Amino acid sequence: MDIKELRKKSMQLPLTPGVYLMKNTKGEIIYVGKAKALKNRVSQYFGSQNNHTVKVRKMVENVFDFDYILTDSEFEALVLECSLIKQYSPKYNILLKDDKGYSYIRVTKGDWPKISAVKQIADDGARYIGPYTSSFSVTNSVDEALKIFMLPQCGKSFPKEIGKGRPCLNYFIKQCSAPCAGKINCADYNEAVNSALKFLQGDSGKIVAELTAEMEEAAENLDFERAAKLRDRINSIKKVNEKQKVVGSDVKEQDVFAIAQSEEKFCLSVLRFRDGRLRDNEWFILNDIDSLPEARRELIIRFYSMGRNVPRRVTVDGEVDDEELLGEWLTQTAGRKVELVIPQRGRQLEIVTMCRNNASQKLGLSMGRSGKTTAALDELARMLNLPKPPVMIESYDISHTAGSDNVAGMVVFKNGLPFKKNYRRFAIKGFDGQDDYGSMAEVISRRLNRYIEEKDSGEGFGILPDLILLDGGIGQVNAVLPIVRAFGFDIPVYGMVKDGKHRTRAIASDGGEIAINSKRQAFTLVSTIQEEVHRFAISYHKTKHKQSSLSGTLTKIEGVGEKKSKALLKHFKTISAIKSADVDELCKAEGINRSTAQKIYDYFRKNIDNEQSKM
């Protein structure tokens, strides 16, 4: 069917809840969705394509037909949607690829066993404990256990290498008992291994209680050396627990979801807390997302549809579509009440920010970029309510001396970094005197005209920015925004407001000011841009002002106007060089005839003679 037939068919659907299934020419299901009113939702796909995202347009282009299933409620539609997506894995639904596999704790055989974290079982006679779904948790726990119970983390084999080497640094910082140097006997070593395995398989609180009882017993038996070792182990476990509290949660059981985005990709990060400690960290790179609220709903459903346990609280970093329905689905899936929370302040907001920074780091690495830059652009986009992080940011500043030598500087940041190839300078031509608003309006108008002339090139002025930042406040924004709109462009325009010490204070929009100090990464990026555009504009102004001063000296000579003075400076570079030139050399400058050259020569010769006569 063509799109007109599909729209006609969709208009015949009932205004009741249900699930719709989009199919291609082969009859394959390429998208599954749910709707509160099927007719309204499905018909939207086959209306004007201008309102759709690129992903939706691509999906609609591949739809040949659609089917639907009626349900008694929107919640039933949500449950059915989940089931069908899991069954068919449609191409255009958000899907999470779970390729982590399982992890195990490996304990080698022999009198001197070693503990390690591995991702698969080998036929090597070793003992394997597991499987565990979280490699993050297994690796961290094994690392903690080896340090607490002072077990070797090196690749040495015992007893083969006992007494054949000197202890490494880990021995001296009390993270290894140095069996390689014969610092521990076999019985004590095996006791430490058994205690480490208890720690890995049990609750740290229980292990501390057992070790405390053993320590007290050793002290009563006057075995103070053993009591001291047990005391050190107890302290090590407590230190690890304290360290975990730094990244721990004030909520004992929760999963935290956050999304970081770039211009082309997204990353979902999930931090999983159990007993108030960070137990797992999962992340997924995604190519296409229509809207963040819709994506959060789908991603949470996909995550728990993969067999993961639902905690008592699910925390998200922003608005979620169908929040009430999703909460009901999570409660039904868990078999108990589940809270769905969007924190606004305090420790929980800090954890969400940590989760989003983690997503930014992973996203940056996947794209070969800095995680900090990716996080700053993502934070800036959220703060300014941009549809996605800006790739190209253009920033403008005006510089002059009491209205003379008016210039502007334009700097470009691409993916959060200076893109000096596209920096541009403007000499203000429309008027003389001081008018920063008029100057900024002229510069933006000239820049956009250059885009119209050069847009086919796809370079320099032929690229439109995703965001314009002006050095200034509301006045600059109000001077520029009407011009951008008059050209028919929907480019976001904001001002960078400074405080009394010339430091970035806020972002100005046509609706007022947006505080930026609390957004550390975005604040650093905007401050960097503001400092760079100011430096670039003022350096151009200084150059032009110097040239104007030099040019003013030459225009005192009869027959030399501004045009000829510029030609002389362009040819000779400095006043000193012009003073030293003879008449023939002066004639080589563009527009300078012999008569004018003689006047220039005589002017400077007369001044030189006067200076010498005063000596």
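Everything discussed here concerns the structure shown above.
These numbers come from a predicted model, not from an experiment.

Draft legend 1. The overall build of the chain, seen in detail. Each helix and strand counted, the chain has 20 helices and 19 strands in total. In terms of overall dimensions, the chain is more spread out than a globule: its C-alpha atoms have a radius of gyration of 35 Å, far above the 25 Å expected for 615 residues. Principal-axis analysis of the C-alpha atoms gives the chain an extent of 110 × 80 × 45 Å. Of the accessible surface of the chain, which amounts to about 32,000 Å², a share of 48% is contributed by carbon and sulfur atoms. For the chain, the centre of its 95 positive side-chain charges and the centre of its 81 negative side-chain charges are spaced 4 Å apart.

Draft legend 2. Region of interest: the sheet that holds strand 9 (residues 277-286). Spatially, the 5 strands line up as an open sheet ordered 9-8-7-10-11, and their pairing is mixed. Two strands in the sheet have a free side with no partner beyond their single neighbour: strand 9 and strand 11 (339-341). Recorded for the sheet is a direction-independent mean angle of 15° between the axes of neighbouring strands. The pairing of strand 10 (residues 313-316) with strand 11 spans 3 bridges and is parallel.

Draft legend 3. Structural context of the pattern of salt bridges. One pass over the full model with this rule turns up 28 salt bridges. Asp471 serves as the salt-bridge partner of Lys498, at 3.2 Å between the closest nitrogen and oxygen. Residue Lys498 is found in strand 17 (residues 493-498), and its partner Asp471 is found in strand 16 (residues 467-471); the two are separated by 27 residues along the sequence. One connected set of salt bridges, linked through shared partners, spans Lys34, Glu74, Glu81, Arg297 and Asp322.

Draft legend 4. Representation of helix 7 (residues 186-201) in the model. Helix length check: helix 7, at 16 residues, gives a terminal C-alpha distance of 23 Å against a target of 22 Å (1.5 Å per residue), a fit within 8%. Among the residues making up helix 7, those that are buried are Tyr189, Ala192, Val193, Ser195, Ala196, Leu197, Phe199 and Leu200. Its side-chain oxygen at 3.2 Å from the backbone nitrogen of Ala187, Asn185 defines the N-terminal cap of helix 7.

Draft legend 5. Focus on the environment of Arg272. Inspection of the secondary structure puts Arg272 in strand 8 (residues 266-274). What makes Arg272 buried here is its relative accessible area of 10%. In sequence terms Arg272 and Leu569 are 297 residues apart; their C-alpha atoms lie 68 Å from each other. Setting aside residues up to four positions removed in sequence, Arg272 forms contacts with Gln254, Asp255, Arg277, Leu278, Arg279, Asp280, Glu282, Phe303, Tyr304, Arg308 and Asn309. For Arg272, the side chain forms a polar contact with the side chain of Asp255, separated by 3.0 Å. Within polar-contact distance, the side chain of Arg272 engages the backbone oxygen of Asn309 at 2.8 Å.

Draft legend 6. Just unusual backbone geometry, in detail. Across the junction of Phe158 and Pro159, the peptide omega takes the value 10°, indicating a cis bond. The residue Pro159 is located in the loop between helix 5 (135-148) and helix 6 (169-172) in this model. Of note, Asp322 is a non-glycine position whose phi angle comes to about 50°, a positive value. Locating Asp322 in the fold gives a position in the loop between strand 10 and helix 11 (323-334). Taking relative accessible area as the criterion, Asp322 reaches 29% and is therefore assigned partly exposed. A positive phi angle is found at Asn385, which is not glycine, with a value near 60°. Among the secondary structure elements, Asn385 is positioned in the loop between helix 13 (371-383) and strand 12 (392-401). In this structure Asn385 comes out as exposed when scored by relative accessible area, which is 70%.

Scoring rules and cut-offs
Residues numbered from 1 in each chain as written. Predicted model: local features only at pLDDT ≥ 70, side-chain atom pairs only at ≥ 80, totals over all residues. Heavy atoms only, no water. Helix = DSSP H or I, 4+ residues; strand = E, 2+ residues; numbered from the N terminus. Rg over C-alpha atoms; globule rule 2.2 N^0.38 Å. Areas by Shrake-Rupley, 256 points an atom, 1.4 Å probe, with all protein chains shown as cover. Lys, Arg positive; Asp, Glu negative; His and termini not counted. Charge placed at Lys NZ, Arg CZ, Asp CG, Glu CD. Pairing = 2+ DSSP bridges. Axes fitted to C-alpha atoms, helices over the stretch in contact; angles between N-to-C directions. Salt bridge = Lys/Arg side-chain N within 4 Å of Asp/Glu carboxyl O. Expected span 1.5 Å × (residues − 1). Buried < 20%, exposed > 50% of the residue type's maximum accessible area, 1.4 Å probe, protein only. Polar contact = N/O pair within 3.5 Å; in protein donor to acceptor, adjacent residues only side chain to side chain. Contact = heavy atoms within 4.5 Å.

Remember, this is a structural readout, not a statement about activity or role.
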